Amino acid sequence: MAVAKAIVHSGYEYPILKLHQYCVMPDHAHILLEVQEWSDQHLDFYIEKIKETAAKKYSLSGNRIYTKEEIFEAGYCDKPLLRDISLSGWYKYIRLNPHRLALRMQYPQFFQRVHKLKIDEKELEAYGNLSMLRNPDKMAVKISSKYTEEERVAKENQWLENAARGSVLISPFISTAEKQIREEAEKLGAPIILIKHEAFPERYRPSAHDFELCAQGKLLILSLGKEEKRNLTRGMCMEMNALAAKIAKGGVRVW
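Calculation notes
- Residues numbered from 1 in each chain as written.
- Predicted model: local features only at pLDDT ≥ 70, side-chain atom pairs only at ≥ 80, totals over all residues.
- Heavy atoms only, no water.
- Helix = DSSP H or I, 4+ residues; strand = E, 2+ residues; numbered from the N terminus.
- Buried < 20%, exposed > 50% of the residue type's maximum accessible area, 1.4 Å probe, protein only.
- Contact = heavy atoms within 4.5 Å.
- Areas by Shrake-Rupley, 256 points an atom, 1.4 Å probe, with all protein chains shown as cover.
- Phe/Tyr/Trp six-rings, centres within 6.5 Å; stacked < 30°, edge-to-face > 60°.
- 1 Å grid on protein atoms, 1.4 Å probe; cavity = no way out; pocket = protein on both sides within 12 Å on 5 of 7 lines; lining within 4 Å.
- Points joined across faces, edges and corners; volume = space filled by probe spheres on them.
- Pairing = 2+ DSSP bridges.
- Axes fitted to C-alpha atoms, helices over the stretch in contact; angles between N-to-C directions.
- Patch = residues over 30% accessible without salt bridge, like charges linked within 9 Å, V, L, I, M, F, W, Y side chains within 5 Å.
- Salt bridge = Lys/Arg side-chain N within 4 Å of Asp/Glu carboxyl O.

A. Quick look at the overall build of the protein chain. Secondary structure summary: the protein chain contains 9 helices and 8 strands in total. Once the C-alpha set of the protein chain is aligned to its principal axes, its extents read approximately 65 × 40 × 30 Å. Put simply, the protein chain has 255 residues, and 37% of those count as buried. Across the protein chain, the fraction of contacts at a sequence separation of at least 24, relative to all contacts at a separation of at least 6, is 61%. For the protein chain, the computed accessible surface area is about 15700 Å², with 52% contributed by carbon and sulfur atoms.

B. Quick look at the packing of aromatic side chains. Under the defined criterion, the tally for this structure stands at 7 aromatic pairs. Note on phenylalanine 45 and tyrosine 46: the rings are 5.1 Å apart at their centroids and 85° apart in plane angle, and the pair reads as edge-to-face. Owing to a relative accessible area of 28%, phenylalanine 45 belongs among the partly exposed residues under this scheme. Where phenylalanine 111 meets phenylalanine 211, the ring centres are 5.0 Å apart and the plane angle is 35°; that geometry is what we call tilted. Of this pair, phenylalanine 111 sits in the loop between α5 (97-106) and β3 (112-119) while phenylalanine 211 sits in helix α8 (residues 208-215), and the two are 100 residues apart along the sequence. Take phenylalanine 111: its relative accessible area is 9%, and that puts it in the buried class. Connected via pairs of aromatic rings, a cluster forms that spans Tyr14, Phe45 and Tyr46.

C. How the structure looks around the side chain of arginine 182. Structurally, the position occupied by arginine 182 is in helix α7 (residues 176-187). Exposure remark for arginine 182: the relative accessible area of 13% places this residue in the buried category. In contact with arginine 182, other than residues within four places in its own chain, are Phe173, Ile192, Leu194, His209, Asp210, Leu213 and Leu219.

D. Region of interest: the layout of surface pockets. Considering only enclosed or pocket space, the second largest pocket measures out at about 260 Å³ in volume. In this structure, the second largest pocket is lined by 15 residues; those nearest its centre are Pro172, Phe173, Lys179, Arg182 and Leu194.

E. Layout of the sheet that holds strand β4 (residues 122-128). Overall, mixed pairing links the 6 strands, which are arranged β3-β4-β8-β7-β6-β5 in an open sheet. Strands with a single pairing partner mark the edges of an open sheet, and in this sheet they are β3 and β5 (138-140). When the angles between neighbouring strand axes are averaged without regard to direction, this sheet yields 25°. Of the pairings in the sheet, the one linking β5 to strand β6 (residues 168-171) comprises 3 bridges and is parallel in character.

F. Examining a nonpolar patch on the surface more closely. On the surface, a nonpolar cluster with roughly 440 Å² of combined accessible area is contributed by Val8, Tyr12, Tyr22, Val24 and Ile31. When residues of the nonpolar patch are traced back to their parent elements, those giving at least two are α1 (2-13) and β1 (17-24). Note on placement: isoleucine 31 falls in strand β2 (residues 29-35).

G. Spotlight on the pairing of β1. Strand direction decides the pairing type here: β1 and β2, joined by 7 bridges, are antiparallel. Looking at the pairing, valine 24 lines up with alanine 29 of β2.

H. Broad picture of the environment of valine 141. Among the structural elements, valine 141 can be located in the loop between β5 and α6 (149-164). Separated by 62 residues in the primary sequence, valine 141 and arginine 203 have C-alpha atoms spaced 29 Å apart. Beyond its immediate sequence surroundings of up to four residues, valine 141 is in contact with Trp159, Leu169, Ile170, Ser171, Phe173, Glu178, Ile181 and Asn241.

I. Spotlight on unusual backbone geometry. Although it is not a glycine, phenylalanine 173 sits at a positive phi angle of roughly 45°. Among the structural elements, phenylalanine 173 can be located in the loop between β6 and α7. A relative accessible area of 4% places phenylalanine 173 in the buried class.

J. View of the environment of glycine 62. Relative to the assigned elements, glycine 62 resides in the loop between α2 (43-61) and α3 (68-71). Linking glycine 62 and leucine 220, residues 158 residues apart in sequence, is a C-alpha distance of 43 Å.

Laid out in structure tokens, this is it:
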């Protein structure tokens, strides 16, 4: 309540700030702010003031004085809203935060995060439904440029037929054609193991689409743990496809 009051108060104390949306969660808060005019102060100044106000208001409800450093982590994560990003999308994202938390609390087994998951000798990061690794019915999806049109169509039909029967499809889903296979498989209700090259950030949350798949127990995301925002290379693609094929064949040790 103290944090919420401090956020709302900021709009009155600093008229250049327009508060569009906010949501206070158990371990973080989201604030959608618009800076309406030029300011000599950086955004850091206003965020720190919100933290200070929250600490003062929280102190009033306790039996001692709290500093902002005791309540908040240093700094903040800002995501500028650019013209190509929908404002309504951010409204919806912030508004649905409590819903996503409720889902994670109701189905914790579908939102497991493992920092060091070993598959044979390879160490990975994982997020989602880990039990999918124990499903013996798994298929790796990889469309080779060497396939003839007939071979490609036959492969696609095979993957989708098995997906309709509940087979787990595993792939980095890199090419457009592979992405289309994933899309069709999801429509059929197939579980997906998605392999990514980038490491998960500290407060990783999947995209809205992937989150909904996690909530259904239909998605497991595996990461090679490469440096964030590192360009995807041919070597990484080969590594991810090889991992998908290895998991699909079964017999791998997972711990």
